[in-house]
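A closer look at the structure
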Amino acid sequence: MQGATFITSIQSASTQNLKQAYVLMTKTSMTKMISSKFLETTDFIQRKKKFDHYQHFIDKEVELVDYTREELPFEVIAVFAKRYDISLSSIDTQQGLHEFGDLILNKAVQSYRSMNKKFTGTTFEDVVHHFFKKMFEEIGKKYKEGSEEEKEELEKAFESFIADLPEHQKEKLKKELNVSELSQQMINRILATNGTVVLFSALVNTMGFSFYMGATSLLASGASLLGLTLPFAAYTSMTSLIAVLANPLFFLGVIAVSGLYFTKQRTKMTEMMCFLAVMQLFFSQDGKEETSSFDDIKQKWQSKYSHYQYLVQEIKEIATEKAKTTNLIDRYSENKSTFEEKVANVKKSIAQQHVNISNDLQTMRLEKLAEHEMLVTIVHQLQDIERDIDFKSKKIIGGQGVIEKMKASVLNSKNAVVVKERERKRKKLYSDMANLIVRKDVPLFDVESKLISDLKDRNIENQRKLNDMIDKIQHLKEQRKQLTKRYPLLENERKEMLKKYPGIDKVIHRVEDKHVLYS
């Protein structure tokens, strides 16, 4: 099962390889590649020192990846899931994780088919064979044009590769090539006569799929024949394959061959980068660092899933709490309106009682009211006003002449204004007297004063309840404001997790080793 092999490759890949694969799928773009080549061309025209701008970009992005070695395998798997739109819901079992690996390889096959219209294979093994064969064909084409040193380098690489084979495979290879020995001279003769394809085919027939697991060193040796710089050569882990593939010159060559056009760059770039990442990781079992276990990946997935469930629960609780808060605000607002109405009505009743007392006071003799010491001052003011009103109310009759009559008319008008003003003041003084009677407990209008006192007590309680409603409403509105502010933050985080980790919204429930998927 190639999926299991692929997952094992990811688990055993070096930190550097995992970071490179992560960067390939998340940071690279055709625009960046083209701009890098443009800068290199500009440097060449200006005769500047040769500088690999694309490699510099990759190096910087790799440095910026801040996931730890323990986190990287899961995060790389998650990127594959996102790019290929594959659910992660079943990777919490070993079998589910391996089946996930098969799905990735199937997607890689589809990507390769879309990039190579002449490719008709259906399996990942078909892809690998076709891909490596094309690479060795390219090396073979350049072999005859290479320098003697370059040829010798490739010959030594083949010789070294073959020397490490078990004896039974060496014997089988001799039969495949129909030769008696596997020396550098013999390899030189085979390459010079038949090119690399014959040797490639013989090795594949001899070793089967395992040939590809070690063939990357041969590609690295042949890279110079293609005239390619190795951007990842600084790393000691298995980087030769991706070094050749990720080089902008090779990439643009593939575009030309495959018919990829800039108008489709985003989709095609994603397919290309994911395919390159698959190829890099599949052949990167270098074993130089501690291998991640299935439990490590499972733990990371369950941690992400638990956090997602926390977000879902928090969002639900916020929505519920917000609805409850809104209902309480509406209910308290109704109560607030009721108490506002009660306060207003009681105030009207109190005001009316004051008016009634004031009106009744105006029917009483001032001398009688003066018997109450607290009212004496107001009574004297009222007596003065009454005299003014009596005096000013008397009309002045002018003489016989027009001027005298006009003077009289003017004086009468002035007096009428004064009378109006005195009447208003008299009314106010009676109102003040009514307030004084109620406030100072003057033994007049006892029934009315008691009623006003009761009404005031009632309104104090109404106002207290009203203020309590206002405080509660204000508190609830602030609470709802905080909930409203927090909701989109959590919802955005949930959506981002859903995009980053496809299938995280699914729940696997196990019953007697059977998986039942709930959404």
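Computed from a predicted model, the values in this text were never measured in an experiment.

Brief notes about the overall build of the protein
When its secondary structure is counted, the protein shows 21 helices and 2 strands. Per-residue burial for the protein yields a buried fraction of 43% across its 519 residues. Restricting the contact set of the protein to residue pairs at least 6 apart, pairs at least 24 apart contribute 76%. Surface summary for the protein: the accessible area is close to 28,700 Å², and the carbon and sulfur share equals 51%.

Some thoughts on unusual backbone geometry
Positioned with a positive phi, Asp-85 is a non-glycine residue whose angle comes to about 55°. Following the sequence through the fold, Asp-85 ends up in the loop between helix H5 (72-84) and helix H6 (94-115). By relative accessible area, Asp-85 is classed as exposed at 65%. One non-glycine residue, Asn-178, lies in positive phi territory at about 60°. Looking at the secondary structure, you find Asn-178 in the loop between helix H9 (167-177) and helix H10 (184-194). Residue class for Asn-178 comes out exposed when judged on its relative accessible area of 70%.

Describing the side chain of Lys-300
The topology assignment puts Lys-300 in helix H17 (residues 294-361). Summary of buried charges: Lys-300 has no salt-bridge partner, and the nearest side chain of opposite charge, Glu-70, is 4.4 Å away.

Details of the pattern of salt bridges
Scanning the model with the defined rule gives 19 salt bridges in all. A salt bridge links Glu-75 to Lys-500; the shortest N-O distance between them is 3.8 Å. Residue Glu-75 is located in helix H5, and its partner Lys-500 is located in helix H21 (residues 446-500); the two are separated by 425 residues in the primary sequence. You can call Glu-75 buried: its relative accessible area is 4%.

Digging into helix H20 (residues 402-439)
For H20, which comprises 38 residues, the first-to-last C-alpha distance of 55 Å matches the rise-based estimate of 56 Å (1.5 Å per residue) to within 8%. For H20, the set of buried residues is Ala-408, Asn-415, Val-419, Leu-429, Tyr-430, Met-433, Ala-434, Leu-436, Ile-437 and Val-438. For H20, the elements touching its buried residues are H17, helix H18 (366-369), helix H19 (376-393) and H21. Where H20 terminates, the next one or two residues include Asp-441, which has phi positive at roughly 55°.

Side note on the packing of aromatic side chains
By the definition in use, this model includes 12 aromatic pairs. Both rings, one in Phe-74 and one in Trp-301, keep their centres 6.3 Å apart while their planes meet at 45°; by these two values the pair is tilted. Separated by 227 residues along the polypeptide, Phe-74 in helix H5 and Trp-301 in helix H17 bring together distant segments of the chain. Side by side, Phe-74 and Trp-301 carry an identical accessibility label, which is buried. Ring centres of Phe-124 and Phe-282 lie 4.9 Å apart, and the angle between their planes is 55°; this geometry places the pair in the tilted category. Of this pair, Phe-124 sits in helix H7 (residues 124-143) while Phe-282 is found in helix H16 (residues 265-282), placing the two residues 158 residues apart along the sequence. Across the pair, Phe-282 and Phe-124 agree in class, each one buried. Taken together, the ring pairs in this structure connect Phe-6, Phe-80, Tyr-84, Phe-124 and Phe-282 into an aromatic cluster.

Regarding helix H8 (residues 148-163)
The end-to-end C-alpha distance of H8, which contains 16 residues, comes to 22 Å, matching closely the 22 Å that a straight helix rising 1.5 Å per residue would cover. By the burial criterion, the buried members of H8 are Lys-151, Leu-154, Glu-155, Ala-157, Phe-158, Phe-161 and Ile-162. End-on view of H8: buried residues confined to an arc of 155°, all on one side of the axis. Opposite the buried face of H8, by more than 90 degrees, sit the exposed residues Glu-148 and Glu-149.

Topic: the packing of H17 against H21
The N-to-C vectors of H17 and H21 enclose an angle of 160°; their axes lie 6 Å apart at closest approach. Taken together, the axes of H17 and H21 lie roughly antiparallel to each other. You can see that H17 and H21 cross each other, and the crossing is left-handed.

Examining the nonpolar core
Residues Phe-80, Phe-132, Leu-203 and Phe-211 are the most contacted members of the largest nonpolar core, which totals 95 residues. Residue contributions to this core peak at 11 residues, all from H16. Those residues within four positions of Phe-80 in sequence are excluded, and the remaining contacts are Phe-6, Ile-10, Met-25, Asp-85, Ile-104, Cys-274, Ala-277, Val-278 and Leu-281. Val-346, Leu-366, Leu-382 and Ala-434 belong to the second-largest nonpolar core, a separate cluster that totals 25 residues.

Section: the confidence of the model for the protein
Chain-level pLDDT for the protein is 82 on average; 85% of the residues reach the 70-or-more range. Ignoring residues within four places in sequence, the model shows residues 228-263, a span with pLDDT below 50, making 86 contacts including any to other chains. With pLDDT under 50 throughout, residues 509-519 is counted as low confidence; its partners more than four residues away or in other chains account for 20 contacts.

What counts and how
- Residues numbered from 1 in each chain as written.
- Predicted model: local features only at pLDDT ≥ 70, side-chain atom pairs only at ≥ 80, totals over all residues.
- Heavy atoms only, no water.
- Helix = DSSP H or I, 4+ residues; strand = E, 2+ residues; numbered from the N terminus.
- Buried < 20%, exposed > 50% of the residue type's maximum accessible area, 1.4 Å probe, protein only.
- Contact = heavy atoms within 4.5 Å.
- Areas by Shrake-Rupley, 256 points an atom, 1.4 Å probe, with all protein chains shown as cover.
- Lys, Arg positive; Asp, Glu negative; His and termini not counted.
- Salt bridge = Lys/Arg side-chain N within 4 Å of Asp/Glu carboxyl O.
- Expected span 1.5 Å × (residues − 1).
- Phe/Tyr/Trp six-rings, centres within 6.5 Å; stacked < 30°, edge-to-face > 60°.
- Arc of directions from axis to C-beta.
- Axes fitted to C-alpha atoms, helices over the stretch in contact; angles between N-to-C directions.
- Parallel < 35°, antiparallel > 145°, perpendicular 65-115°, else oblique.
- Left-handed = near helix turned anticlockwise from the far one by under 90°.
- Core = buried A, V, L, I, M, F, W, Y, C linked by side-chain atoms within 4.5 Å.
- pLDDT = per-residue confidence, 0-100.

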